[in-house]
Amino acid sequence: MTEPLWGEDERPRLAAFGPVKVRVPAKINLHLGVGPVRADGYHELATVYHAISIYDELTARAADTLVLTMDGEGAGELALDDTNLVIRAARALAEATGLPAHARLHLRKQIPLAGGLAGGSADAAAALVACDALWGTGLAREELAHIAAALGSDVPFLVLGGTALGSGRGETVTPVLASGHQWHWVVAVADGGLSTPAVYRRLDELRENGEAPEPIGAPDEILAALRQRDPNVLAKALVNDMAPAAVSLRPALRDVLAAGDAAGALAGLVSGSGPTCVFLARDAAHAGAVAAALDASGTCREARVAHGPVAGARLI
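Source: prediction; values computed, not measured.

A.B. asks: With reference to specific residues and values, describe the overall build of the protein chain.
C.D. replies: A count of helices and strands for the protein chain gives 10 helices and 12 strands. Considering only C-alpha atoms, the protein chain reaches an extent of 55 × 45 × 40 Å along its principal axes. Across the 316 residues of the protein chain, 53% fall into the buried class. For the protein chain, long-range pairs separated by at least 24 residues make up 74% of all intrachain contacts whose partners lie at least 6 apart in sequence. For the protein chain, the computed accessible surface area is about 13,300 Å², with 51% contributed by carbon and sulfur atoms. For the protein chain, the distance from the average position of its 26 positive side-chain charges to the average position of its 36 negative side-chain charges is 3 Å.

Printed below as a string of structure tokens:
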């Protein structure tokens, strides 16, 4: 591989001769306000994205065609054809830059499928960064994020990472000024996933029937809590409009949330559209204790510790 691959402005200077490896994080939503359905069929969102230290890795090599292989979470379940966001992202970058979409891509997956952690979107972001480096296209992060917006609502954030405001359908991303504080989380991974469109439909049904609260609106409280750098303050501000719908479709999530509470977590919430649940801890040691108690409770497939915010898709 040519060195250095990235300059100070994070633009690749030359195409890579050898394999390119990119690591990309999962995301959680510290605040997820879901508005009414728009004319284009999407819901208006007001969210605060937060990238955490659970990662997928994508390796890109030169090739005469475009092919994707994978191992890890979802191997044998996830389609590897043109419906996969990794392939779609590579083709989108090739179209935007006028280059042939030629790469041999291998995905090592640790982010659960359909878990509310934006694993598919993360992999699309990784493909954009990896192919940009492999092909030497020299696009800035903001240019990659613009291409990402057409691929999915969460993809632009995962190109950028950190903590950020999301608006529109989530694709308009504004970074939140970092305080330098590290937050500690426990991620309770469920058996099986939930369809995000199905959760949105269920939320609409619950609201029509008066069984779910109205949209929570702007994330002012969570932004103020982030500035205070106090996990007890942040715990009181975490909120997710989609939680009632996710719990309605997967009632066992009540047991997961109760187990996290019994384990001493400062707060727990459904991550995005679920069924993954995340719990806030005071520090790394507390997170380890909460994770051990959740594992022992038998309410989730596994409990992982993580911290955030972390960078978005990056070369390693």
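A.B. asks: Now, about the state of the cysteines: what can you tell me, with residues and values included?
C.D. replies: On inspection of all chains with the given rule, the structure shows 0 disulfides. In this structure Cys 277 is a free cysteine whose sulfur lies 8.6 Å from that of Cys 300, the closest cysteine sulfur available. Overall, Cys 277 belongs to the buried group, its relative accessible area being 0%.

A.B. asks: Which residues make up the sheet that holds strand β10 (residues 277–281), and what are the values?
C.D. replies: Pairing is antiparallel across the open sheet formed by 4 strands, whose spatial order is β9-β10-β7-β11. Bordering the open sheet on either side are β9 (267–270) and β11 (302–308), each of which pairs with just one other strand. Sheet twist, expressed as the average angle between the axes of neighbouring strands with direction ignored, equals 25 degrees. Strand direction decides the pairing type here: β9 and β10, joined by 4 bridges, are antiparallel. Pairing of Leu 269 across the sheet is with Val 278, part of β10. Against the sheet, helix α9 (residues 253–262) touches β7 (183–189), β9 and β10, its axis set at about 10 degrees to β10.

A.B. asks: Describe the pairing of strand β5 (residues 163–167), listing the residues and the values that go with them.
C.D. replies: Sheet topology note: the strand β2 (residues 43–61)/β5 ladder contains 4 bridges and is antiparallel. Within β5, the residue paired with His 50 across the bridge is Thr 163. One ladder, built from 4 bridges, connects β5 with strand β6 (residues 172–175); its direction is antiparallel. The residue of β6 that forms the bridge with Leu 165 is Thr 174. Where β5 folds back onto β6 in an antiparallel hairpin, the turn is made up of 4 residues, including Gly 168, whose phi is positive at roughly 70 degrees.

A.B. asks: Please set out the UniProt feature "domain: GHMP kinase N-terminal" (unreviewed entry) in the protein chain residue by residue, giving values where relevant.
C.D. replies: Within this numbering scheme, the UniProt entry marks residues 84–162 as carrying the feature "domain: GHMP kinase N-terminal" (unreviewed entry). Along residues 84–162 the backbone is 57% helical and 9% strand, and the end-to-end C-alpha distance reaches 25 Å.

A.B. asks: How would you summarise the UniProt feature "binding site: ATP" (unreviewed entry) in the protein chain if you had to cite specific residues and measurements?
C.D. replies: The UniProt entry lists Pro 112, Leu 113, Ala 114, Gly 115, Gly 116, Leu 117, Ala 118, Gly 119, Gly 120, Ser 121 and Ala 122 under the feature "binding site: ATP" (unreviewed entry), expressed in the numbering used here. Its place among the elements puts Gly 120 in helix α2 (residues 119–135). According to the relative accessible area criterion, Gly 120 is partly exposed, its value standing at 35%. Not counting chain neighbours up to four residues away, the residues in contact with Gly 120 comprise Leu 85 and Lys 109. By the secondary structure assignment, Ser 121 is in helix α2. Given a relative accessible area of 12%, Ser 121 falls into the buried group. The contacts of Ser 121, once residues within four sequence positions are left out, are Leu 85, Asp 154, Val 155 and Leu 158.

A.B. asks: Got a sec to walk through the packing of aromatic side chains? Specific residues and values, please.
C.D. replies: Counted under the stated rule, the structure contains 1 aromatic pair. Geometry around Tyr 55 places Arg 23 over its ring, the cationic atom sitting 4.1 Å from the centre. The aromatic ring of Tyr 42 is capped on one face by Arg 169, whose charged end is 5.1 Å from the ring centroid.

A.B. asks: Pulling in residues and values, what's your account of the confidence of the model for the protein chain?
C.D. replies: Confidence along the protein chain averages 92 in pLDDT terms, with 94% of residues attaining 70 or more. Here residues 1–13 scores under 50 on pLDDT; set against residues more than four positions off or in separate chains, the count is 36 contacts.

A.B. asks: Can you tell me about the pairing of strand β1 (residues 20–37), naming the residues and giving the values?
C.D. replies: Most of β1 is tucked away, with 14 of its 18 residues classed as buried. As paired elements, β1 and β2 share 15 bridges and run antiparallel to each other. By the bridge assignment for β2, Val 34 is matched with Leu 45. In this structure, the hairpin formed by β1 and β2 is closed by a connection of 5 residues, where Gly 41 is found at a positive phi of approximately 95 degrees. Note that β1 and strand β12 (residues 314–315) share 2 bridges and pair antiparallel. Looking at the pairing, Val 22 lines up with Leu 315 of β12. The sheet contact formed by β1 and strand β8 (residues 239–240) spans 2 bridges and is parallel. The residue bridging Leu 32 from the neighbouring strand is Asn 240, located in β8.

Cut-offs and rules
- Residues numbered from 1 in each chain as written.
- Predicted model: local features only at pLDDT ≥ 70, side-chain atom pairs only at ≥ 80, totals over all residues.
- Heavy atoms only, no water.
- Helix = DSSP H or I, 4+ residues; strand = E, 2+ residues; numbered from the N terminus.
- Buried < 20%, exposed > 50% of the residue type's maximum accessible area, 1.4 Å probe, protein only.
- Contact = heavy atoms within 4.5 Å.
- Areas by Shrake-Rupley, 256 points an atom, 1.4 Å probe, with all protein chains shown as cover.
- Lys, Arg positive; Asp, Glu negative; His and termini not counted.
- Charge placed at Lys NZ, Arg CZ, Asp CG, Glu CD.
- Disulfide = S-S within 2.5 Å.
- Pairing = 2+ DSSP bridges.
- Axes fitted to C-alpha atoms, helices over the stretch in contact; angles between N-to-C directions.
- UniProt positions renumbered as here; feature names shortened; annotations may be inferred.
- Phe/Tyr/Trp six-rings, centres within 6.5 Å; stacked < 30°, edge-to-face > 60°.
- Lys NZ or Arg CZ within 6 Å of the ring centre and 35° of its normal.
- pLDDT = per-residue confidence, 0-100.

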